[in-house]
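Overview (structure and organization)
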Amino acid sequence: MLILLPPSEGKTPPRSGRPVNPDALTQGALNPGRERVLDALVALCADPDRDRAREVLGLSPGQDEELDRNARLRTAPAQPAAKIYTGVLYDALDLGNLPGPARARARRSVLVFSGLWGAIRMDDRIPAYRCAIGVNLPGVGGLAAYWRGLLDPVLTETAGGGPVLDLRSSGYAAMWRPTGRLAERTVTVRVLHEQVVDGEVRRSVVSHFNKASKGRLVRDLLLAGAAPRSAGKLVEALRDLKYTVEEQPVVAGRPRQLDLVVIEL
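Presented here is a report on the structure given in the accompanying data block. (Residues numbered from 1 in each chain as written. Predicted model: local features only at pLDDT ≥ 70, side-chain atom pairs only at ≥ 80, totals over all residues. Heavy atoms only, no water.)

Let's talk about the pairing of strand 10 (residues 200-204)
Heads up, the condition is: The criterion for strand pairing is that DSSP finds at least two bridges linking the strands in question. By definition, any uninterrupted DSSP run of H or I lasting at least four residues is a helix, any uninterrupted run of E lasting at least two residues is a strand, and each is numbered from the N terminus.
Here strand 9 (residues 186-197) runs beside strand 10; their pairing, made up of five bridges, is antiparallel. Residue pairing across strands places valine 197 opposite glutamate 200, the latter belonging to strand 10. Joining the antiparallel neighbours strand 9 and strand 10 is a turn of two residues, in which aspartate 198 adopts a positive phi near 55°.

A few points about the pattern of salt bridges
Going by this rule: When a carboxyl oxygen of Asp or Glu is within 4 Å of a side-chain nitrogen of Lys or Arg, the pair counts as a salt bridge. Whether a residue is buried, partly exposed or exposed follows from its accessible area with a 1.4 Å probe, protein chains only, as a fraction of its type maximum: under 20%, in between, or over 50%, in that order.
In total, this model carries 17 salt bridges according to the counting rule given. Of the charged contacts in the structure, one is a salt bridge between arginine 50 and aspartate 64, with a shortest N-O distance of 3.9 Å. In this pair, arginine 50 is assigned in helix 2 (residues 50-57) and aspartate 64 in helix 3 (residues 64-71), connecting sequence segments 14 residues apart. Since its relative accessible area comes to 23%, arginine 50 is described here as partly exposed. Since its relative accessible area comes to 18%, aspartate 64 is described here as buried. Its salt-bridge partner being arginine 256, residue glutamate 247 comes within 3.2 Å of it at the nearest N-O pair. Assessed through its relative accessible area of 34%, glutamate 247 is described here as partly exposed. Several salt bridges converge on common partners, so that one network encompasses Arg50, Asp51, Arg54, Asp64 and Asp68.

As for the pairing of strand 9
With three bridges connecting them, strand 8 (residues 164-166) and strand 9 associate as parallel partners. Within the sheet, the bridge partner assigned to valine 164 lies in strand 9 and is threonine 186. Sheet analysis places strand 9 next to strand 12 (residues 256-262), joined by seven bridges and oriented parallel. Each residue of the ladder has a partner; that of valine 189, found in strand 12, is leucine 258.

Notes on helix 2
Short version of the rule: Note that the arc is computed from the directions linking the helix axis to the C-beta atoms. It only takes one pair of heavy atoms within 4.5 Å for two residues to be counted as in contact.
Of the residues making up helix 2, those classed as buried are Ala53, Arg54 and Leu57. An end-on view of helix 2 places all buried positions within 100° of arc, on one side of the element. More than 90 degrees from the buried face of helix 2, the exposed residues found are Asp51 and Glu55. Buried residues belonging to helix 2 abut helix 1 (31-46) and helix 3. Just beyond helix 2, the residue with positive phi is glycine 58, at close to 70°.

So this is what it looks like as structure tokens:
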């Protein structure tokens, strides 16, 4: 099973560690593409014209430390991505406190999408950076479109013959969309918060519940050692873990869509 996650906007800058070595990152076929984005991002943020960099990255003058950090990406300390990404989803996933076998499963199955790196594993060593997928990077262009062609052959091979659990947000989902039979083995999840308002049951999409529930879901799958061999078996695994999931009608050639109904965390 392959589990696809978005990155976090917030990242923890490491205080120590060797700088990133792009050649040591997994999915090595992406390295030429990574180098191009890395060069463009460093050049943008090292330019004295900070107004341009702020506009491109959507930052305010009070966030110039993000520009400084990006300008030093090739020399900044790096640590495993599991220690860099923070935020609601990654707090709920809590990789650092998983037992050894579950952490090993995370290393094998979890793939994090990134506007800078394309797609990386949790043990790939990276520095903290600021480069959202919606950025139109000078010399590169829109990052989702840039990565789309590069990722397809690599990730189609990485997915192999097993199911894919796609928990990415919409911007990162645009970087790669499984097609054909692989799409039919892919499961996407929408989190719905169910509550009673004035005696009426209502469901809504709430960002905090969405992120936290996805992190908890991945954690539970890793702890359970779930190894489903099909999209259908993945749905069964979620129900075995006591998740309330409702399937949308299956459409040939398209991912299977699930609604995960959450009452409280």
